[in-house]
Amino acid sequence: MPRQLNEVVFVDGVRTPFGKAGDKGIYAQTRADDLVIRCIRELLTRNPALPTHRVGEVAIAATTQIGDQGLTIGRTAALLAGLPTSTPGYSIDRMCAGAMTAVTSTASAIAFGAYDIAIAGGVEHMGRHPMGEGVDPNPRIVAERLVDPDALVMGKTAENLHDRFPQLTKERADTFAVGSQDKLAKAYANHKIQPDLVPVAVRHAELGWGLATEDEPPRPGTTLADLAALKTPFRPHGNVTAGNAAGLNDGATACLLASEAAATELGLPVRMRLVSYAFVGVEPEVMGVGPVPATEQALTKAGLTIADIGLFELNEAFAVQVLAFLDHFGIADDDPRVNEYGGAIAVGHPLASSGVRLMTQLARQFEGHPDVRYGLTSMCIGLGMGGTVIWENPHHPDYQSDTVASATTTEDAQ
């Protein structure tokens, strides 16, 4: 007999300030798992109406699952955060889309009824664990020409994207990057970022103890002239620089998901409703194009078109990757619907954690845009993939009527 799936809602999301990777970064002396623990504890503190025993799963992503990012970090972080020993947890890896996959995986379980509340997130301490540390790619991948060797170097895949779409010039990429810095600075000035940041106690080898309260990577005031002077490390006279790409960063995110019924029962806020999602594979050597087919598939599943989307949170691994998406869908480079609070070029991209940052920022934007019904979060993924999640704004006037209509239809059918 067919079963009714539960509606899944985004209740709350938090993140640590993002830091620069390396010995001089704010988290040089901080463990990766402690960053996750801090986020989980903050979610529990911000939502006191949630009985901790109701959390049915903790899924935490990390791209490099060794050291303090290993040992089934979802379970160990849950225990150390003070959740009951009965709360299970696991770790997950889909490279940059790790946290996004943690969300879609636990949301699917909520929809199916395996549990009704979950915590999902991600962490990456790239200063302690550089991407690719300890891995051993099967030599047949290159020897048998299954993929182009460029697929193993993300910066080269971005250069390949410039080649494939010559209209995506370095000037356009640099202009987009300057815009990202400016939008983040404006968001900070308007207090849009700070409400979802979790202060983290840190220790510096020379300066002693301190408190991380804001992102370290942003470079406010960056100009096109500044970016034009940067080197192109992945190709002589290339297009990709440290200025139009995300840097190497440390940080963690976590969010609280629930069935709509459980959120209503417990009085938890509903900040977004999950509509659909899709992950799609593409040629690994141009992995940055992945969000395009992923978005097309997610839209089809939802019965929507790109015209229905009023807000976009696109991960800025590279400016060219976002530009390829915008060009495909006929969206202007400076469209105000895109990354309203800036993106990873400015704020940083600690790989597996970034998916939940996108969602948390979209949820915050929904509050200020009750006229927008649908928004999406999307990102490219290493080794040739893309992921997109479409969300509905509960502040939109049609949200409640649709929910009621759906419930009425279900009751009538019964």
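Residues numbered from 1 in each chain as written. Predicted model: local features only at pLDDT ≥ 70, side-chain atom pairs only at ≥ 80, totals over all residues. Heavy atoms only, no water.

Draft legend 1. Quick peek at the layout of surface pockets. Here the largest pocket is characterised by a volume of approximately 550 Å³. Forming the boundary of the largest pocket are 25 residues, of which M154, A246, G247, L248 and F318 lie nearest the centre. When its residues are assigned to classes, the lining of the largest pocket shows 20 nonpolar, 4 polar and 1 charged. (1 Å grid on protein atoms, 1.4 Å probe; cavity = no way out; pocket = protein on both sides within 12 Å on 5 of 7 lines; lining within 4 Å. Points joined across faces, edges and corners; volume = space filled by probe spheres on them. Nonpolar A, V, L, I, M, F, W, Y, C, P; charged D, E, K, R; others polar.)

Draft legend 2. Expanded view of the UniProt feature "domain: Thiolase N-terminal" (unreviewed entry) in the chain. As recorded in UniProt, the sites labelled "domain: Thiolase N-terminal" (unreviewed entry) are residues 8-260. For residues 8-260, the helix share is 31%, the strand share is 19%, and the end-to-end C-alpha distance is 6 Å. (UniProt positions renumbered as here; feature names shortened; annotations may be inferred. Helix = DSSP H or I, 4+ residues; strand = E, 2+ residues; numbered from the N terminus.)

Draft legend 3. Focus on the pattern of salt bridges. With the rule as written, the count across this model stands at 23 salt bridges. In this structure, D174 engages K170 in a salt bridge whose closest nitrogen and oxygen atoms are separated by 2.7 Å. Separated by 4 residues within a single helix, D174 and K170 lie in helix α6 (residues 170-189), roughly one turn from each other. One salt bridge connects R172 with D327, and the closest N-O pair in it is separated by 2.8 Å. In this pair, R172 is assigned in helix α6 and D327 in helix α10 (residues 319-328), connecting sequence segments 155 residues apart. Several salt bridges share partner residues, and in doing so they unite D12, R46, D196, R271, R364 and E367 into one network. (Salt bridge = Lys/Arg side-chain N within 4 Å of Asp/Glu carboxyl O.)

Draft legend 4. Structural context of empty space enclosed by the protein. Going through the model one piece at a time under the given rule, you end up with 1 cavity of 30 Å³ or more. In this structure, the largest cavity encloses a volume near 60 Å³. Contributing to the lining of the largest cavity are R15, K192, I193, D196, L197, T360, Q361 and R364. If you tally residues by element for the lining of the largest cavity, the top one is helix α12 (residues 354-368), at 3 residues.

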